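In case you want the letters, here they are:
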Amino acid sequence: WLKTFLGFVQSIPFPPSFFSPLRINTMAPSGRKFKVCICGGAGGIGQPLSMLMAMDDRVGELSVYDLTVSAVPAEGVATDLAHLNMGSRVRAFGLDPKS
């Protein structure tokens, strides 16, 4: 059945633009830097993502949001990121799920 399915997919007439690489605008308008918000920034995926965003030259301000009941608070992640040699400003925000 897999061979039949793959044969079916190969027979679909995709337009040439379907396989072209994505074109993403890599600069903010007017040469300004981006403001980025990482929701869940204190989690297992959010921490390395926050670090990558903070080290990107195109990011001017990074906001790390997470719940106050998380194992690592968002303020701790922002403090760790403040030790990096980067050009972006990092701010932390905690959300109390009870309110």
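Residues numbered from 1 in each chain as written. Predicted model: local features only at pLDDT ≥ 70, side-chain atom pairs only at ≥ 80, totals over all residues. Heavy atoms only, no water.

Considering the pairing of strand S1 (residues 34-39)
Along any regular strand, the residues point their side chains to alternate faces of the sheet. Let me state the cut-off plainly: Strand pairing follows a simple DSSP-based rule, namely that at least 2 bridges must link the two strands. Think of it this way: any DSSP run of H or I at least four residues long counts as a helix, any run of E at least two long counts as a strand, and we number them from the N terminus.
When S1 meets strand S2 (residues 59-67), the two strands line up parallel, connected through six bridges. Across the sheet, residue Lys35 finds its bridge partner in S2, namely Glu61.

Describing helix H3 (residues 74-82)
Keep this limit in mind: Only protein chains enter the calculation, and the probe is 1.4 Å; a residue is then buried if its accessible area is under 20% of its type maximum, exposed if over 50%, and partly exposed in between. What the arc describes is the spread of directions from the helix axis to the C-beta atoms. Throughout, a residue-residue contact means that at least one pair of heavy atoms, one from each residue, lies within 4.5 Å.
Those residues of H3 lying buried are Ala74, Val77, Ala78 and Leu81. For H3, the angular spread of buried residues about the axis comes to 100°, placing them on one side. Facing away from the buried side of H3 by more than 90 degrees, the exposed set consists of Asp80 and Ala82. Tucked into the core, H3 has its buried residues touching helix H2 (46-55), S2 and strand S3 (89-95).

Considering the state of the cysteines
To keep it simple, the criterion reads: Whenever a pair of cysteine sulfur atoms sits within 2.5 Å, that pair is classed as a disulfide.
What the rule picks out here adds up to zero disulfides. The structure places no disulfide on Cys37, whose sulfur is separated from the nearest cysteine sulfur, that of Cys39, by 3.7 Å.

Remarks on the confidence of the model for the chain
Quick reminder of the rule: Scored from 0 to 100, pLDDT reflects the predictor's confidence in each residue.
Mean pLDDT over the chain: 82, with 74% of residues reaching 70 or higher. Least confident of the elements in the chain is helix H1 (residues 2-10), whose mean pLDDT is 66; most confident is S2, at 93.

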